[in-house]
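Architecture and fold: a report
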Amino acid sequence: TIIITGGVHAREWISVSTVCYTIYQLLSRYGSSRKETKYLDHLDFLIIPVFNPDGYVYTWTHDRLWRKNRQQTYFPRCFGIDIDHSFDFQWTGTQDFPCSEDYSGESPFEALEAESWNNYVNMTKGEYKIYGYLDFHSYSQEILYPYAYSCEALPRDLENLLELSYGLAKAIRNKSGKTYDVLSSCEDRGSDLTPGLGSGSALDYMYHHRAHWAFQLKLRDTGNHGFLLPPKYITPVGKEAYAALKYFCDFILNPEL
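Reading guide: rules and limits
Residues numbered from 1 in each chain as written. Predicted model: local features only at pLDDT ≥ 70, side-chain atom pairs only at ≥ 80, totals over all residues. Heavy atoms only, no water. Salt bridge = Lys/Arg side-chain N within 4 Å of Asp/Glu carboxyl O. Helix = DSSP H or I, 4+ residues; strand = E, 2+ residues; numbered from the N terminus. Axes fitted to C-alpha atoms, helices over the stretch in contact; angles between N-to-C directions. Parallel < 35°, antiparallel > 145°, perpendicular 65-115°, else oblique. Left-handed = near helix turned anticlockwise from the far one by under 90°. Contact = heavy atoms within 4.5 Å. Nonpolar A, V, L, I, M, F, W, Y, C, P; charged D, E, K, R; others polar. Buried < 20%, exposed > 50% of the residue type's maximum accessible area, 1.4 Å probe, protein only. Phe/Tyr/Trp six-rings, centres within 6.5 Å; stacked < 30°, edge-to-face > 60°. Pairing = 2+ DSSP bridges. Polar contact = N/O pair within 3.5 Å; in protein donor to acceptor, adjacent residues only side chain to side chain. Core = buried A, V, L, I, M, F, W, Y, C linked by side-chain atoms within 4.5 Å.

Applying the stated rule across the entire model yields 7 salt bridges. R11 is the partner of E101 in a salt bridge, and the nearest nitrogen-oxygen pair spans 2.9 Å. With E101 in the loop between α3 (53–61) and α4 (112–124) and R11 in the loop between β1 (2–5) and α1 (13–29), this residue pair connects regions lying 90 residues apart in the sequence. When salt bridges with common partners are traced through the structure, they connect R67, D82 and D102 into a single cluster.

Turning our eyes to something else, we now look at the packing of helix α5 (residues 158–176) against helix α7 (residues 234–253). Axis separation between α5 and α7 bottoms out at 8 Å; the angle between their running directions is 140°. Judged by the angle between their axes, α5 and α7 are oblique. Viewed along their axes, α5 and α7 form a crossing whose handedness is right-handed. Mapping the contact onto sequence places L164, G167, L168, A171, I172, K175 and S176 in α5 and K239, E240, A243, A244, Y247, F248 and F251 in α7. A breakdown of the residues in the contact of α5 with α7 according to their chemical character gives 9 nonpolar, 2 polar and 3 charged.

Most peptide bonds take the trans form, and the phi angle of most residues other than glycine is negative. In this chain, P146 is followed by Y147 through a cis amide linkage whose omega measures 10°. Topologically, Y147 is positioned in the loop between β4 (142–145) and α5. A cis geometry characterises the amide bond from R220 onward to D221, with omega recorded as -5°. Of note, D221 is situated in the loop between β6 (213–219) and α7. Phi angles above zero are rare outside glycine, and S140 is one such case at about 140°. For S140, the position within the fold is in the loop between β3 (132–138) and β4. The exposure class assigned to S140 is buried, which follows from its relative accessible area of 9%.

What follows concerns the packing of aromatic side chains. If you walk through the whole model with that rule in mind, you get 17 aromatic pairs. On the numbers, 6.4 Å between centres and 75° between planes, the contact of W13 with Y56 is edge-to-face. Pair noted here: W13 is in helix α1 and Y56 is in helix α3, with a separation of 43 residues, a long-range link. When its relative accessible area of 18% is taken as the criterion, Y56 is described as buried.

One face of the sheet, then the other: side chains in a regular strand alternate in exactly this way. Residues of β1 alternate between two faces, with I2 and I4 on one and I3 and T5 on the opposite face, all of them buried. Of the pairings in the sheet, the one linking β1 to strand β2 (residues 45–48) comprises 4 bridges and is parallel in character. Note on β2: the bridge partner recorded for T5 is I48. The pairing of β1 with β3 spans 4 bridges and is classified as parallel.

Let's shift gears to the side chain of R67. For R67, the position within the fold is in the loop between α3 and α4. Using a relative accessible area of 7% as the deciding quantity, one classes R67 as buried. Here E101 takes part through its backbone oxygen, which lies 3.5 Å from a polar atom of the side chain of R67.

This next bit is on the nonpolar core. Grouped together as the largest cluster of nonpolar side chains are 62 residues, with contacts concentrated most on F87, I143, F215 and F248. Among the elements that make up this core, the one with the highest residue count is α7 (9 residues). Sequence-distant contacts of F215, that is, excluding residues within four places in its chain, are made with Y133, L134, D135, I143, L144, Y145, L161, L164, S165, L168, L203 and F248.

Note that every value here comes from positions in space, so none of it alone points to a role or purpose.
Take a look at the structure:
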């Protein structure tokens, strides 16, 4: 099984369109393309293009740069929990006021989306062997591997994680010429004000509990447009991200690549 998610942070529209592009390519090429037919015959895909539906809707109707979900917090005028700080692996409560963009809630899995995902993956799909997890975000053109919560914690199979990360970056570069940097997610400085993804991330949680390989791909660009990436980039970003996914699938089906 390969799990693909997008739209964890509401304002990252390119992640949603990229996951949708991936679904379209897999389905439309099945039966006519040897590779896509092989992928769908030998792999299960669990794909969620919009992980944060109420936050995503809010970016279309009220605030284009909204990040969190729209869940009520203990403070009446402050809505939203940062879903990607809500997963119960090395979760830490922040000192942030609930109005903060990075507010992680009062307890792990307080974000309803994270709790639902935990129940779905570990109960409904508990028997699935999850070999890969790809979480699409924006922006900064980076491929991030675990761990996010600490640079002192070394992931298992670090050498293989690095090899696969650079393989994903090379697949993108061969497709579009764009360079994606490979970093430990604790070192990421992309679009965030502070370095690292922080604790309670979906990346760390999935890698530690269920997925043999787990990465976060931060898509285009490097800051000229940031979260406001124009629509003309939807297809180019989709193509390069899909090239990375194909490399990922090939690797999982044949790790000796």
